[in-house]
Amino acid sequence: MTGREFLDSPQQSLYLESLKRAEIIQKILNELPKADQNLVNHGSYFLAANSSLCGLAANNFFRKILHVRKASLVSALPMTVIPFLSTMAVYEVFVREPLFAGDLNCEVCAVVRGGLIGAVVGGFYPVFLALPMNASLAARYASSPLPGKENLLRFWLTAAQPVFRKTSMGILVQVLTGLYLATKHHGIYVKVLQQMPTGRDPEELQA
């Protein structure tokens, strides 16, 4: 396909139309009240901050179970930063960006995505991340006797069960936070759509 054929193709027309639509949505979004703009631009920080708290809590529980007394800062820092960045990035990619680009029009889909991200990335992921980190510290400092390969899986399952029980409330909060955030974001998206003029050329809307 030549360059001219690509520019005239239906796929390219749809792509350009999608770009124009996203620009119009962003323009209207910038005219909304500051409260709505702040929620859209910074709302994911709340979900990410809760993820960091889940990570710190799981890290603390595993340290107590494995009797790790050293390298508290070494284990706490990544358990704060990694869950925060991961949760914020995943929410941005799968909820916020497609929503305000006009690619995610289904409210149920957006809300389910928000809840899943809150549960999996914001809740379970920090707990799973804390396990190998503290296991390596326990092995390094010999703070707790570790089993051989034949009993390794059963040992870690037994060690992880009380941690999951203690962090279950935090995971539930993450699910509810993800659901709430996605619902609010979709509500703002609907508000933007209601302010979009219909029946006019996109070029005219951008003027």
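Residues numbered from 1 in each chain as written. Predicted model: local features only at pLDDT ≥ 70, side-chain atom pairs only at ≥ 80, totals over all residues. Heavy atoms only, no water.

### Things to note about the pattern of salt bridges
One pass over the full model with this rule turns up two salt bridges. Two residues, Lys-191 and Asp-36, come together in a salt bridge whose shortest N-O distance is 2.8 Å. Here Asp-36 lies in helix α3 (residues 34–42) and Lys-191 lies in helix α7 (residues 152–194), a separation of 155 residues in the sequence. Taking the shortest distance from any N to any O, the salt bridge between Glu-92 and Arg-96 comes out at 3.4 Å. In this pair, Glu-92 and Arg-96 are both assigned in helix α5 (residues 72–100), four residues apart and thus about one turn of the helix distant. Under the relative-accessibility criterion, Glu-92 is labelled buried at 16%. (Salt bridge = Lys/Arg side-chain N within 4 Å of Asp/Glu carboxyl O. Helix = DSSP H or I, 4+ residues; strand = E, 2+ residues; numbered from the N terminus. Buried < 20%, exposed > 50% of the residue type's maximum accessible area, 1.4 Å probe, protein only.)

### Quick word on the side chain of Ser-75
Tracing the backbone through its elements, the reader meets Ser-75 in helix α5. Only 3.3 Å separates the side chain of Ser-75 from the side chain of Asn-59, close enough to count as a polar contact. Leave out the neighbours within four places in its chain, and Ser-75 touches Asn-59, Arg-63, Met-133 and Leu-137. (Polar contact = N/O pair within 3.5 Å; in protein donor to acceptor, adjacent residues only side chain to side chain. Contact = heavy atoms within 4.5 Å.)

### Some details on the nonpolar core
Core analysis: the largest hydrophobic core is formed by 22 residues, its most contacted members being Ile-25, Leu-29, Tyr-91, Phe-100, Ile-117, Ile-188 and Val-192. No other element matches the five residues that α7 contributes to this core. In contact with Ile-117, other than residues within four places in its own chain, are Leu-47, Thr-87, Val-90, Tyr-91, Phe-94, Val-95 and Gly-122. Counting residues in hydrophobic clusters, the runner-up holds ten residues, among them Ala-58, Phe-61, Ala-130 and Met-133. (Core = buried A, V, L, I, M, F, W, Y, C linked by side-chain atoms within 4.5 Å.)

### Notes on helix α4 (residues 44–65)
With 22 residues, α4 should cover 32 Å at 1.5 Å per step; its first-to-last C-alpha distance of 32 Å lies within 8% of that length. Those residues of α4 that fall on the buried side of the exposure criterion are Ser-44, Leu-47, Ala-48, Ser-51, Ser-52, Cys-54, Gly-55, Ala-58, Asn-59, Phe-61, Phe-62 and Arg-63. Those residues of α4 hidden inside the fold are in contact with α3, α5, α6 (107–141) and α7. At the C-terminal side of α4, His-67 shows a positive phi close to 60°. (Expected span 1.5 Å × (residues − 1).)

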